[in-house]
Structures are given as C-alpha cells and as structure tokens.
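Summary of structural features
As a plain string of letters, each chain reads:
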Amino acid sequence: MIFGEIPIADAVGARLAHGVRTASLSLHKGHVVTAEDRAALSAEGVATVIAVRLEPDDIGEDEAASLIAAAILPDHLRFTPSATGRINLHAKVNGLFVADRAAIDRFNRVDPAITIATLPDHASVNAGDMVATIKIIPLAVSDSLVRKAAGVMASSRALEVKPFASYRVGLVATILPTLKVSVMDKTRRLVEQRLQASGSRLTHEVRVPHRAPELATAITDSAQGNDLVLVFGASAVTDVNDVIPAAIRAAGGVVEHVGMPVDPGNLLVLGRIGAVPVIGAPGCARSPKENGFDWVLARIFAGENPGSEEITGMGVGGLLTEIPSRPLPRDLRAPERPLSIAALVLAAGRASRMNGSHKLLAAFDGQALVRRSVEAALAAGPARVLVVTGHRAEEIEAELAGLKVDLIRNPDHAQGMSTSLRAGVSALGPGCDGVSVMLADMPHVTGADVRLLLDAFAASGGQAVVRAVSGGKRGNPVILPRATFSAILQLEGDVGARHIVESAGLDIVDVEIGEAAHVDVDTPEAVLAAGGVLKG
C-alpha cells in the first residue's frame, strides 16, 4: 500500500486516508475517489488529498477483517459485520471467556497493522457481551500477512466462550453465637443470585454448629444428589487444619487447596468428595462484590476442573479490592452519545394513613404536592419524566395538566410499590441508561437536588447506583442504572428497590442533599409539620 499526498489530477481510484469536507461535498475516510469527485474537489479549490493506492497483494480493511474472523471457530460467538476494518465478537451464551495468551500474542506479532483485543482470560460473560474486537489499522493490508494471521487463529483455540452448565448446589452454613441469622439469610439470597447466570439452583440449605464433626456429616449428606457443595463458615479459615478443611477430610474427601492469591478471596478452601467439588467460601463471598470465590465458581460451572495449579496462577490480576469493573471495548460503529436518564415519579399509592385525605393533593406554597414533586423532576432536566398514577388517578393527573410528562396508569397499585416500579421501568424503552426513582410525597426535594444526582450518575459512566443521603444516612431519590432493570421487573409485593441496590454488586455513590432526603409525608401530622395544607 502506497500512502501519501496525491494531486487531485491523479487521485481517481485512490482511497482517502483522511476525509475531505468542502462547502458542497463530504467524502469519508476510505472513499474511493471517482472522476466526479475529482471534478467537484477541483471546482472547490482542493489541490491535493491524503490517500492510498493499493498494491497487487493488498486487500481492503473490511475484507481482511472478514478473512481473519472466518478462521475463528464460531462456537458460542457472534460476529458483527465488518465496518472500518473492525469486527466485534460477542458471546452468544452466559459462560466463561477463555483466551490463549500465547496464541493471541502470536497473532498480534504478525504485523502491527493486524490486531485483536480481548477480555481478560477466564472472564465471566453474559450472552451479548463483547469479548473481543478485531481491527485492521490501515485502509488495506497485504493479503499474505492477513492469511498468516488467520492461520494463527485456525491452528489454535485462541479464544472461546465455554457455556455455563446448570448445577444442583447444596449449601452448608455453620453457626456461632456471634453470627446473626439475618447475615445467614442474606448469604443464601446472594448465593441464589450467583447461581442465576448458570441456571443452577440451590437444592437445600443446612445450618450446623461450627464444629468439624457436625459439618462433616452435613457435607457428606449434601454431596449426595448434588453437583457442588458450598460451605459458608461462621468463622474465617486460618489454617489447613481449621474446621472446614478438617470437616472435608472427615467426610472422606480431599482438600486440594487452602488459600488463594486473589484479594478479596484469600481464605477460600477447595476440596472434593468423590467427584463433587466442595468450596469453603471466604467471608467476602457474603458480599455481592466480585471476589476469588466467583472466579472458582465460574470455572466449575464452565466445565473446568480447577485445582491447586489453577488457583496459584490467579495472582496476576487478582488484586480486586480497589479495581472497578472493567469496561467492555467500545463498539465504534455505534455513535457516542450522552447518557439518557429518565425520572420516574411514583404517585400511585393509597395513602392509607391519611384518614381519608390524599397527601399528594395537599397544598405546599399553594401548589399540590404531586405537581411540586413532578416540577422538581422536570427542573433537573432529565431526558423525560414519567409519572405512575393509581389511587385517585383522575385527580392526581388533573393536577399535572400542562406539564410535559408521560402518565402511566397502574391498575395494580393496591398490590404495592413494586407494581408501580415495574410499570414505570417497563415504559422506559431500550435507549434509557438509568432512571431516577422519585417518591411524590417528598416536598423538600428540589430540581437542584435531583440535578446533583444526575450529574453524579453521568460521572460514573452510568454504571453506579446513585442515592441521596442526609448526614450519610441513605434516603431518596435513587438513580438505578440499566443493569438493575431486569431485577426491578421481577419485584413483587409492597417493596421498593432497596434490596436490588444492596445486592446488585454495583458501586454506590452517595450524594448529600440534606434533610430533604428523609422528609416524606405519610400522615396528616407529617403534612402539617412539613408546611403543607390538607385539602381532602
């Protein structure tokens, strides 16, 4: 390929290395100059263009990327069409992305013009996640080099997605007086959530004293009829002869490894009862945050058989404590855009403690509370504002006349807040990156308060939960990122999103807005104390 500045008179047939824009013409990078283009450019006073001419052995960037992609085994991978020399690879299933570092390095060393970038080896992925991207750097590249690079892919299993299998899982927890039952209950819920990606299920939970004999019996029983046993100890493992490893041996099993070079996750125990893996979970596995327990669990669900050698090889990249989730490679064919954040005002409740009055119709500074709350949402400048109504919906909606909002009538409002959350999130549409959930009965939340939350959400890249606090104590409103929407749509009963916030494993950003975060009005007395006037 010959690159350089070419006079317009000689440019026909050349490919533009840089786009050209004039008053009447716009030619993009990679465009092949025609005789008509030459005439138009010349008329606009353009004397030269930066362009390339292909040599006999050259092929275009898109063809080169396609040849390489065709050499990769497509099992559980989806390939995007080639565009600007790029093809992105996405997982077709939930599973474990596995990369052969040596093969990827050999590929990238064929020539600097030919590249592939991937997720880290043994990264857990969901169906649809991007796992790798092929990029041809110049507009064209030698066919012989492309075929050499493709040969590297064809001769090795350079990358693949191993689908997760569904496992039957037994949970054994040990008990000490210092361990609260609520902590154990939360642990079970988190285990069940961790199993969802693989379609695995928890068959039962057994709680026994934190002593090796009782634990050994429970492990033996749980290994029968299950594919995996998880053990959560009431006290951390400090020695290879501590309660959990001792119990595995007493149950007739083998302890393969105690400890791992992943932080959090150091205190993991890995053993087996026959062919059934037994994982002694580290204390950090009681948190939804990623830790070494997740790494071992993912390998097992993907059909791998991790042992001492695999665990001791996890040290590089194993420092997780202060590392935020790694972003996926950007799909460059998708245009960059600002985050789209909606505001969802919940105004459907029955106000059962108001003795017949409706708190949202109470007047604050001469204005119905519901209108005051919705105007605060509008003042913050979100992409759109949705209001869910239900109880006395006609009166509530009448107070919002003239406001640019989307009204959503919730016929199931009597079944609790979850129905309003589901109704609102269902109406957000595919382009929404996050939603600010606002309660219509909080009279002192202002547009400026909500704007602070929106700005914090944007600063997080749309990946964090953002919540209002007062003096460090959590309150409302709360912004929920798109990653939580599927969980919201599964809520039932008179519950909000608090459990989702605490268990989603996402970063949480607290924004101080003062007492407004805690002032809601659920009783006539509260309305009056907040400065309102009841109207009926």
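In this text, all values refer to a predicted model and were calculated from it rather than measured experimentally.

Section: helix α5 (residues 181–196)
With 16 residues, α5 should reach 22 Å at 1.5 Å per residue; the first-to-last C-alpha distance of 23 Å fits that figure. For α5, the complete set of buried residues consists of M184, T187, L190, V191, R194 and L195. Down the axis of α5, the buried set is contained in an arc of 140 degrees. They therefore lie on one face. Summarising the geometry of α5, the exposed residues directed more than 90 degrees from the buried face are V181 and Q196. Turning to α5, the residues buried within the fold contact β15 (168–175), β16 (201–209), β17 (228–232), α8 (292–301) and α15 (498–503).

With respect to the sheet that holds strand β27 (residues 465–470)
Strand order in the open sheet formed by seven strands is β25-β24-β21-β26-β28-β27-β29, with mixed pairing between adjacent strands. Two strands in the sheet have a free side with no partner beyond their single neighbour: β25 (406–409) and β29 (508–512). Along the sheet, successive strands turn relative to each other by an average axial angle of 25 degrees, direction set aside. Where strand β21 (residues 341–347) meets strand β26 (residues 434–439), six bridges bridge the pair, whose relative direction is parallel. Counted as the bridge partner of L346 is L439 from β26. Contacts from helix α12 (residues 417–426) reach β21, β24 (384–389), β25 and β26, with the element oriented near 145 degrees to β21.

Points about the environment of G85
In this fold, G85 is placed in the loop between β7 (77–79) and β8 (86–91). C-alpha of G85 to C-alpha of V296: the two residues are 211 residues apart in sequence and 36 Å apart in space. Among all residues touching G85, those that are not within four sequence positions of it are E61, D62, A65, I134, K135 and I136.

With respect to the pattern of salt bridges
Pairs may arise between side chains of opposite charge once their charged atoms sit close together. Within this structure, the stated rule accounts for 24 salt bridges. Among the salt bridges present, the one from R207 reaches E205, with a minimum N-O distance of 2.8 Å. For D522, the salt bridge identified is with K359, shortest N-O distance 2.7 Å. Placement of the pair is D522 in the loop between β29 and α16 (524–529) and K359 in the loop between β21 and β22 (363–364), with a sequence separation of 163 residues. When salt bridges that share partners are traced, they join D185, R188, E192, E205 and R207 into one network.

Observations concerning helix α10 (residues 369–379)
Where α10 is concerned, the buried positions are L369, V370, R371, S373, V374, A376 and A377. Phi turns positive one or two residues past the end of α10, at G381, with a value near 80 degrees.

Re unusual backbone geometry
Cis geometry is found at the peptide bond from D263 to P264, where omega equals 5 degrees. As for its position among the elements, P264 is in the loop between β18 (254–258) and β19 (269–273). With a phi angle near 50 degrees, T84 is a residue other than glycine that sits in the positive phi range. Following the sequence through the fold, T84 ends up in the loop between β7 and β8.

A word on the nonpolar core
Core analysis: the largest hydrophobic core is formed by 39 residues, its most contacted members being V345, V370, V374, V385 and V387. When residues of this core are assigned to their parent elements, the largest contribution, five residues, is made by helix α13 (residues 447–459). Residues in contact with V387, not counting those within four places in the same chain, are V345, A347, V374, L400, V405, D406, L407 and I408.

Examining the confidence of the model for the chain
Averaged over every residue, the pLDDT of the chain is 90; the share at 70 or more is 96%. For residues 322–336, every residue scores under 50 in pLDDT, and the model assigns this stretch 17 contacts once sequence neighbours within four places are set aside.

Examining the environment of V93
For V93, the position within the fold is in the loop between β8 and β9 (95–99). Put simply, V93 and L268 are 175 residues apart on the chain and 28 Å apart in space, counted from C-alpha to C-alpha. Discounting residues that sit within four places of it in the chain, V93 has contacts with H76, V125, N126, A127, V161 and P163.

Brief notes about the side chain of R286
For R286, the position within the fold is in the loop between β20 (276–281) and α8. Of the side chains with opposite charge, E205 lies nearest to the buried R286, which makes no salt bridge, at 7.6 Å. Setting aside residues up to four positions removed in sequence, R286 forms contacts with L179, V183, M184, K186, T187, L190, F232, G233 and A234.

Some words on the sheet that holds β20
With mixed pairing, six strands are arranged side by side in an open sheet as β16-β15-β17-β20-β19-β18. The two strands at the open ends of the sheet, each matched to only one other strand, are β16 and β18. On average, adjacent strands in this sheet sit at an angle of 20 degrees to one another, irrespective of strand direction. Of the strands in this sheet, β15, β16 and β17 touch α5, which is tilted by about 155 degrees from β16. This element, helix α6 (residues 212–223), spans β15, β16, β17, β19 and β20 of the sheet and lies at about 165 degrees to β16.

What counts and how
Residues numbered from 1 in each chain as written. Predicted model: local features only at pLDDT ≥ 70, side-chain atom pairs only at ≥ 80, totals over all residues. Heavy atoms only, no water. Helix = DSSP H or I, 4+ residues; strand = E, 2+ residues; numbered from the N terminus. Expected span 1.5 Å × (residues − 1). Buried < 20%, exposed > 50% of the residue type's maximum accessible area, 1.4 Å probe, protein only. Arc of directions from axis to C-beta. Contact = heavy atoms within 4.5 Å. Pairing = 2+ DSSP bridges. Axes fitted to C-alpha atoms, helices over the stretch in contact; angles between N-to-C directions. Salt bridge = Lys/Arg side-chain N within 4 Å of Asp/Glu carboxyl O. Core = buried A, V, L, I, M, F, W, Y, C linked by side-chain atoms within 4.5 Å. pLDDT = per-residue confidence, 0-100. Lys, Arg positive; Asp, Glu negative; His and termini not counted.

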